Amino acid sequence: MSLDVRTVTESELSDWLRAVDTGFLRPPRVPDDYVADKLAHFDLARTRGVFDDGRCVATFRSFAQELTVVGGAAVPADAVTNVTVSPTHRRRGLLGRMMAADLAAAKERGDAVATLIAAEYPIYGRYGFGPAAWVTEWAIEVARTGLDPRWAGPDDGGRIDLVDLADVRKLGPDLHQRFRTRQPGAVSRDDHWWRVDTGQAASALPWTEPFNAVYRSAAGEIEGLVTYASDGHWGDAKQPLNTASVRKLIALTPAAESALWRFVCSVDWITTVRTGHRAADDLLTGLLPDPRAARIVTQADFLWVRILDTVRALEARTYAVPATLTLEIHDKDGLAGGRFRLEGTAEGGVCAPTTESPDIALDVRELGALYLGDESAVRLAALGLLTEERPGAAAVAKLCPVASPITHARGVGQKPW
């Protein structure tokens, strides 16, 4: 029978969820309560599948999101997730058909960009996505940090308090909202995200209850939150060799960030701290008397961005240096391509179609990579991924912000559920 590519009905969601688990190599068992939880918050109009003789063999879903851009403004985004193709149906163009339908609908809705977290690097560039925010994870050998093992709390009048999951559900959303309005690359989180993150809603991934602590300033304001788990490992000589894995650390101030890292590194029996995903220029290593105690264990792409509306996307952000550039954007899918004149300032941008000769030519995927400031136009030119039609134009393309995108563990982008 021919393959049927379409949105999913309520009665088909169980089969669709089974196909998702198959694609991600998880046990394809879908309990009824799990299906009911997904039905309660999935937008089935944005949940697509491919069916072969009635069986779901490929999956695709998107949901509404806001992405904070350079300068603090938020743009509407089409957040893509749950993308799978069963191993029996690979190389048939199924992802391309689902992606084309979703991006066309997002463009029609008025979304400025689309975002996703790529399980595999080579896939999404051909659909116009570029790696826009990169992450680094460190393993900290606590004994080598040089931190005072007698540390008993902040010396700035603030304090660290342990809290339970009910407190996280109550305090976390507002804290994250305050954080994301000032941080390029941060995204919105709805109530269901927090319910899944705190174990209150069903998840496809194993979940264990973590420890949670908040930083309160001297004025009593909550300015930071850390969530971490421990592996409970002891050596043969009855010595504690526990690793604390940070799941998320949100901080509104350097004082809060410093205090929370000091706290995690001071917990008894913890000999190693895994930081979770952070920005490459995170404050962490500079907070350690011996930065070599922090060893990089992961450095990779994280949030990918696909520009859908070039004018709206470029006008939403700010620019570190005033400049005017004419950009030739190539987009084989016809969603965001064309020639545009951009006048960028520290207050914002003015962008409009033009017939002027271009200063720079690039594919829409490279525009996505540049958008949040983690990539350099000069670097892309050196790699042959951006063409200077006017010598020196790449150096003028100050698409990098004054502050680069920052991410925290499970903090940016899409959780699968």
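All values reported here derive from a predicted model rather than from experimental measurement.

## Let's talk about the overall build of the protein chain
A tally of helices and strands in the protein chain yields 11 helices and 17 strands. In terms of C-alpha radius of gyration, the protein chain reaches 23 Å, essentially the compact-globule figure of 22 Å for 417 residues. For the protein chain, the C-alpha atoms occupy an extent of roughly 65 × 55 × 40 Å along the three principal directions. About 18,700 Å² of surface is accessible on the protein chain, with carbon and sulfur atoms providing 51% of the total. Charge separation in the protein chain, taken as the distance between the mean sites of 47 positive and 55 negative side-chain charges, equals 3 Å.

## Quick look at the packing of helix H1 (residues 13–23) against helix H2 (residues 32–41)
The N-to-C vectors of H1 and H2 enclose an angle of 100°; their axes lie 10 Å apart at closest approach. Comparing the axis directions of H1 and H2 gives the class roughly perpendicular. For the pair H1 and H2, contact is made by Leu-13, Ser-14 and Leu-17 and by Tyr-34, Val-35, Lys-38 and Leu-39, respectively. Taken together, the residues that form the contact of H1 with H2 break down as five nonpolar, one polar and one charged.

## Brief notes about the side chain of Asn-82
Along the chain, the position of Asn-82 falls in strand S4 (residues 74–85). Here the side chain of Asn-82 touches Arg-61 through a polar contact of 2.8 Å, side chain to side chain.

## Quick word on the pattern of salt bridges
If you walk through the whole model with that rule in mind, you get 29 salt bridges. In this structure, the salt-bridge partner of Asp-333 is Arg-306, at a minimum N-O distance of 3.5 Å. Here Asp-333 is found in the loop between strand S13 (323–330) and strand S14 (338–345), whereas its partner Arg-306 is found in strand S12 (residues 294–307), with 27 residues between them in sequence. Overall, Asp-333 belongs to the partly exposed group, its relative accessible area being 37%. A relative accessible area of 0% means that Arg-306 is categorised as buried. Put simply, Arg-46, Asp-78, Arg-109 and Asp-111 are held in one network by salt bridges that share partners.

## Topic: helix H4 (residues 165–180)
When the terminal C-alpha atoms of H4 are compared, their 21 Å separation across 16 residues agrees well with the 22 Å that a helix rising 1.5 Å per residue should span. The largest bend along H4 reaches roughly 40° and is located at Leu-171, with the proline Pro-173 sitting one to four residues downstream. Taken together, the buried positions of H4 are occupied by Leu-165, Val-168, Gly-172, Leu-175, His-176, Phe-179 and Arg-180.

## Points about the pairing of strand S10 (residues 242–251)
Counting buried positions along S10 yields nine of 10 residues, so the element is predominantly enclosed. Bridging between strand S9 (residues 222–230) and S10 involves seven bridges; their strand directions are antiparallel. Pairing of Val-226 across the sheet is with Leu-249, part of S10. Bridge count between S10 and strand S11 (residues 270–274): four bridges; the pairing is parallel. Directly across from Ser-245, in S11, lies its bridge partner Arg-274. Each parallel crossover has a hand, and for S10 linked through helix H6 (residues 254–266) to S11 it is right-handed.

## A word on the sheet that holds strand S1 (residues 4–7)
Here we have 12 strands laid out as an open sheet, ordered S1-S2-S3-S4-S5-S12-S6-S11-S10-S9-S8-S7, and mixed in their pairing. Edge positions in the sheet fall to S1 and strand S7 (159–163), since each of these pairs with one other strand and no more. The sheet shows a mean angle of 25° between the axes of neighbouring strands, direction not considered. Where strand S8 (residues 211–216) lies against S9, six bridges are found, and the strand directions are antiparallel. Counterpart to Arg-216 in the pairing with S9 is Ile-222. Contacts from H1 reach strand S2 (47–52), strand S3 (55–68) and S4 within the one sheet, and its direction differs from that of S3 by about 85°.

## A word on H6
Relative to the 18 Å expected for 13 residues at 1.5 Å per residue, H6 spans 18 Å between its end C-alpha atoms, a close match to the ideal helical length. Among the residues of H6, Ala-256, Glu-257, Ala-259, Leu-260, Trp-261, Phe-263, Val-264 and Cys-265 are the ones counted as buried.

Calculation rules
For every chain, the first residue of the written sequence is number 1, and numbering continues from 1 onward in sequence order. Confidence filtering applies because this is a predicted model: local features only for residues at pLDDT of at least 70, side-chain atom pairs given and counted only at 80 or more, and all residues used for totals across whole chains, interfaces and linings. Each side-chain value is derived from all of the structure's non-hydrogen atoms; neither hydrogens nor water enter the calculation. Numbering goes from the N terminus for both helices and strands, where a helix is a DSSP run of H or I of at least four residues and a strand is a run of E of at least two. Taken over C-alpha atoms, the radius of gyration is set against a globule rule of 2.2 Å times the number of residues to the power 0.38. Working definition of accessibility: Shrake-Rupley area with a 1.4 Å probe, residue cover restricted to the visible protein chains. By the counting rule applied here, Lys and Arg register as positive and Asp and Glu as negative, while His and the ends of each chain are not counted. By convention, the charge on Lys lies at NZ, on Arg at CZ, on Asp at CG and on Glu at CD. In this description, a line fitted to the C-alpha atoms serves as the axis of each element, helices being fitted only across the stretch in contact, and the angle between N-to-C directions of two axes falls anywhere from 0 to 180 degrees. Note on terminology: angles under 35 degrees are roughly parallel, angles over 145 are roughly antiparallel, angles of 65 to 115 are roughly perpendicular, and the others are oblique. Contacts: residue pairs with any heavy atoms within 4.5 Å of one another. Residues are grouped as follows: Ala, Val, Leu, Ile, Met, Phe, Trp, Tyr, Cys and Pro are nonpolar; Asp, Glu, Lys and Arg are charged; all remaining types, including Gly, are polar. Any pair of nitrogen or oxygen atoms within 3.5 Å is treated as a polar contact; in protein, a donor-acceptor pairing is required on top of that, and neighbouring residues in sequence qualify only through side-chain atoms on both sides. The working definition used for a salt bridge is a side-chain nitrogen of Lys or Arg within 4 Å of a carboxyl oxygen of Asp or Glu. Burial classification: accessible surface area is computed with a 1.4 Å probe over protein chains only, and a residue below 20% of its type maximum counts as buried, one above 50% as exposed, and the rest as partly exposed. In a helix, the anticipated span is given by 1.5 Å times the number of residues less one. The angle between axes fitted to the seven residues ending at a residue and the seven residues starting there is what we call the bend at that residue. One requirement defines pairing of two strands: DSSP has to find at least two bridges between them. Whether a crossover is right-handed depends on one test, that the path from the first strand over the helix to the second runs clockwise when the strands point away from the viewer.

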